[in-house]
Amino acid sequence: VSASDEALLAAMSAGDTDAAAVFVRRFQARIYGLALTIVGVAETAEDVAQEAFVRIWRHADDYDPRRAQVASWVLTITRNLAIDVVRVRREVPTMPETVVDVLTAAESDTADIDGNTQIRSALRELPRDQAVAVAMAAYYGFTAREIAERLSIPLGTAKTRIRLGMSGLRQRLEVTDE
Amino acid sequence: MSEPAGCAEVRDLLPEFALGSLTGHDRAEVLRHLMRCPSCRRELDGLSRVADELLLMAPQQEPSAGFEAAVLGRIGLSDARPQKPRARFGKMLLRAAALVLVAALGAGAVWWHTAGDRGLARHYKQTLSVADGRYLTAVPIVASDRDTASYSAAGYVFAYQGNPSWLMVTISAAPADGRYNVTMVAVDGESFTIGACQATASSCAIGNTVNVPVSEIQAVRLTQPGVPTLIAQFH
């Protein structure tokens, strides 16, 4: 029986080398994959991923299982670090408008073994303009104003696309939960 | 003073808040409202689940061999040296900060963007030598009440160790506009006023020389009544 994510995190935080190694192996493909999706450069993505593990280890005591799964918590930390790097550089290495295509493309790869099929289908079913806006905010931390500027659309339209997109995804996920 | 935001206004902003892309005044308003509104907190829970699922969709990819050893080495849980030592995150931010700095000084930003790492290192060294500098560092500025899970930097403090040493405080996502008093606290506890940073559209910048070595700076604090204190923690 493999240890739970929470147990591994706690053991790593307490200095357990074996637990730390298992934790890193369990999450490295997700963390590095997310970093690479955002920063677009392998070497930079590895730096971000390494730093993410250091932060996870350092802040393990702050993790609250009532608020998020371990996977979501570690990916949020990774995303924020990657966004910081992109913002300090003031350049977005990949086309943020196309990140939605990367997310909806995978069908039968390892990602879907973890049950991401529902959200992937939900994102595919969404009107494309809404999916693009939601993915830009989720992955690059773009504000509605930044999305409006990049897509040359009014601010109100960007806000509406994000709002409708999130609400559409939520409804689809809740329907499939029932 | 504007009226406190009501449920209807906050519900409009919650999708962006859940996605972690809301900044400045709007973010501060939402946080204030959530503290006293259980109904909007429940709404946020539902949206946050969607935001979490979106990040879980990122394609997985294995890093290069030696990654695990490098991570364990960095957190001090391995005797083995990393098989492939890599530049630390701080150094990477430093390189990025050097780019921003030089671009800000107007010294050929386009040329810098296309320079290779070796050229970058050479010119970074030259930039430092202009004022007898030894190093430049960048520390993120975060709200003191920040929640790790929704963390994103409000800005950066760039600190230059040289003759003279100086600090450059840049804010691009202030929780509220207005006048921030900027103070530097040394490791011995003594405080020094750096100046005031007037934020408009969530942004401001201020620079000043400091008489304390950068290695002895404990933190830089930005304060404004009624707004969470912003801190760049050096030590």
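Throughout, residues of each chain are indexed from 1 in the direction in which the sequence is written. All chains are assigned letters beginning at A, and all ligands numbers beginning at 1, according to the order in which they are written. Restriction of local features to residues with pLDDT of at least 70 applies here, the model being predicted, together with a cutoff of 80 or more for giving and counting side-chain atom pairs; totals for whole chains, interfaces and linings are based on all residues. The basis for the side-chain values is all heavy atoms of the structure; hydrogens and waters are excluded.

Trainee: Please clarify how the overall build of chain A should be interpreted in this entry.
Mentor: A run of H or I in DSSP becomes a helix once it reaches four residues, and a run of E becomes a strand once it reaches two; helices and strands are each numbered from the N terminus. Scanning chain A from terminus to terminus reveals nine helices and zero strands. In chain A, the order of α-helices and β-strands from amino to carboxyl end is α-α-α-α-α-α-α-α-α. Buried residues in chain A amount to 55% of all 178 residues. All accessible areas in this document rest on Shrake-Rupley with a 1.4 Å probe, and a residue is counted as covered only by the protein chains that are shown. Accessible surface, chain A: about 7,700 Å² in total, of which carbon and sulfur atoms supply 50%. Exposure categories follow from relative accessible area, calculated using a 1.4 Å probe and restricted to protein chains: below 20% of the type maximum is buried, above 50% is exposed, and the middle band is partly exposed.

Trainee: I would appreciate a short explanation of helix α1 (residues 7–18) of chain B in the present structure.
Mentor: For an α-helix, the turn length of 3.6 residues means that residues three or four places apart are oriented alike. Residues and elements named next belong to chain B. One less than the residue count of a helix, multiplied by 1.5 Å, gives the span that helix is expected to have. Along its twelve residues, α1 runs 15 Å from first to last C-alpha, staying within 8% of the 16 Å computed at 1.5 Å per residue. Where α1 is concerned, the buried positions are Val 10, Leu 13, Leu 14, Pro 15, Glu 16, Phe 17 and Ala 18. Following α1 by one or two positions, Gly 20 has its phi on the positive side, about 75 degrees.

Trainee: Whenever I open this one, the environment of Gly33(A) confuses me. Can you help?
Mentor: Following the sequence through the fold, Gly33(A) ends up in helix α2 (residues 17–39). A sequence separation of 13 residues divides Gly33(A) from Glu46(A), and the C-alpha atoms of the two residues are 9.4 Å apart. The contact criterion used is simple: two residues touch if any of their non-hydrogen atoms lie within 4.5 Å. With near-sequence residues (within four places) excluded, Gly33(A) lies in contact with Gln28(A), Pro59(B), Gln60(B) and Gln61(B).

Trainee: Teacher, can you tell me more about the nonpolar core here?
Mentor: Soluble, globular proteins show a tendency: their nonpolar side chains are buried together. If you look at the biggest cluster of nonpolar residues, it comprises 88 residues, and the most contacted ones within it are Phe23(A), Ile56(A), Tyr139(A), Met166(A) and Leu54(B). Looking at which element gives the most residues to this core, the answer is α2(A), with 13 residues. If we skip the residues at most four places from it in the chain, Leu54(B) touches Ile119(A), Leu123(A), Val134(A), Ala138(A), Tyr139(A), Met166(A), Leu169(A) and Leu19(B). Listed in part, the 29 residues of the second largest apolar core include Ile141(B), Ala154(B), Val182(B) and Leu230(B). Think of a nonpolar core as a cluster: buried Ala, Val, Leu, Ile, Met, Phe, Trp, Tyr and Cys residues, connected wherever their side-chain atoms sit within 4.5 Å.

Structural measurements only, silent on function.
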